[in-house]
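# Observations on the three-dimensional arrangement
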Amino acid sequence: MATWNSRGLRGSALEEYINRTNEKYLEHGLALIQKIPTPITPIKIDKLTRHITLAYFDQKSTVDYIGAVQGIPICFDAKECHTDTFPLQNIHEHQVVFMENFEKQGGIAFFLILYSAREEFYYLRFSKLSEFWKRMQNGGRKSFRYEELEPDFIFQSSGGVLVPYLDEIQKDLLLRD
């Protein structure tokens with residue numbers, strides 16, 4: 001059983017950027033995306049502030065976000081990377097299985113990765129993740145390098161949108177046709 005404490009706040013800035021982006025997309029009628037809360041069981045609660053200071057995750061979480069873009073089901077997870085090497089241990093097997101099944105049902109699954117040192121976002125298509133995942137399972141690298149990424153899916157904030165990932169979904173769709 002996994003434990004939650006202050007480490008659980010890692011990536012919260014990225015999630016806040018995505019949440020604001022999702023609000024903007026909803027306001028403009030472009031997408032309806034929901035943050036999926038991870039169910040927890042509180043163990044310690046600060047009596048003065050009534051904040052949870054220690055908890056256990058009730059179950060394995062699948063993805064951070066799920067919803068629809070113009071009628072297309074999507075699901076994705078958000079990750080932050082401080083170096084040019086992304087360890088695959090940051091992605092869990094149950095997430096890969098969920099995303100694979102999601103895509104088999106006609107949805108689009110992906111990861112949004114913030115390369116914080118570069119101030120760049122990366123849209124990791126599920127098909128590309130599968131390549132890295134299979135390589136690891138076959139005894140290869142347990143990570144992927146920035147140089148291995150698809151350059152067309154590297155992007156930055158633009159047009160008042162903090163994490164403008166809808167353009168990346170459009171590119172992903174074009175590659176599927």
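Everything numeric here is computed off the predicted structure, so don't read it as measured data.

### Description of the overall build of the protein chain
A tally of helices and strands in the protein chain yields four helices and eleven strands. Counting only residues that meet the buried cut, the protein chain has 37% of its 177 residues in that class. Considering only residue pairs separated by 6 or more positions, the protein chain has 64% of its internal contacts joining residues 24 or more positions apart.

### Some remarks on the packing of aromatic side chains
Following the criterion strictly, the structure yields twelve aromatic pairs and no others. With a centroid separation of 5.3 Å and an interplanar angle of 75°, the aromatic rings of Y25 and Y165 are classed as edge-to-face. Of the two residues, Y25 sits in helix 1 (residues 12-27) while Y165 sits in the loop between strand 11 (154-155) and helix 4 (166-176), which places them 140 residues apart along the sequence. Accessibility assignment for this pair places Y25 and Y165 in one class, buried. Between Y65 and F76 the ring centres are 4.8 Å apart and the planes differ by 15°, which places this aromatic pair in the stacked class. With Y65 in strand 5 (residues 65-69) and F76 in strand 6 (residues 72-81), this residue pair connects regions lying eleven residues apart in the sequence. Residue classification places Y65 among the buried residues on the basis of a relative accessible area of 0%. An aromatic cluster is built from Y25, Y65, F76, F110, Y123, F153 and Y165, whose rings are joined through pairwise contacts. Above the ring of Y65, the side-chain terminus of K35 is found at 5.5 Å from the ring centroid.

### Considering the confidence of the model for the protein chain
Chain-level pLDDT for the protein chain is 88 on average; 88% of the residues reach the 70-or-more range. Note that pLDDT drops below 50 for residues 1-11; the model gives that stretch 16 contacts with residues more than four away or on any other chain.

### Things to note about the pairing of strand 5
Summarising the sheet, strand 2 (residues 31-35) and strand 5 pair through five bridges and their orientation is antiparallel. The partner of L32 across the bridge, within strand 5, is A68. Relative to strand 6, strand 5 runs antiparallel, the two being bridged by five bridges. Along strand 6, the bridge assignment pairs I66 with C75.

### Structural notes on the packing of helix 2 (residues 93-104) against helix 3 (residues 126-137)
Between two packed helices, the angle of one axis relative to the other and the distance separating the axes together describe the packing. One way to put it is that helix 2 packs onto helix 3 with a least axis distance of 11 Å and a crossing angle of 135°. It follows from the interaxial angle that helix 2 and helix 3 lie oblique. Considering the relative orientation of helix 2 and helix 3, their crossing is left-handed. Between helix 2 and helix 3, the contacting residues are E93, V96, M99, E100 and E103 on the first element and F126, L129, W133 and Q137 on the second. Considered class by class, the residues forming the contact of helix 2 with helix 3 number five nonpolar, one polar and three charged.

Basis of the calculations
- Residues numbered from 1 in each chain as written.
- Predicted model: local features only at pLDDT ≥ 70, side-chain atom pairs only at ≥ 80, totals over all residues.
- Heavy atoms only, no water.
- Helix = DSSP H or I, 4+ residues; strand = E, 2+ residues; numbered from the N terminus.
- Buried < 20%, exposed > 50% of the residue type's maximum accessible area, 1.4 Å probe, protein only.
- Contact = heavy atoms within 4.5 Å.
- Phe/Tyr/Trp six-rings, centres within 6.5 Å; stacked < 30°, edge-to-face > 60°.
- Lys NZ or Arg CZ within 6 Å of the ring centre and 35° of its normal.
- pLDDT = per-residue confidence, 0-100.
- Pairing = 2+ DSSP bridges.
- Axes fitted to C-alpha atoms, helices over the stretch in contact; angles between N-to-C directions.
- Parallel < 35°, antiparallel > 145°, perpendicular 65-115°, else oblique.
- Left-handed = near helix turned anticlockwise from the far one by under 90°.
- Nonpolar A, V, L, I, M, F, W, Y, C, P; charged D, E, K, R; others polar.

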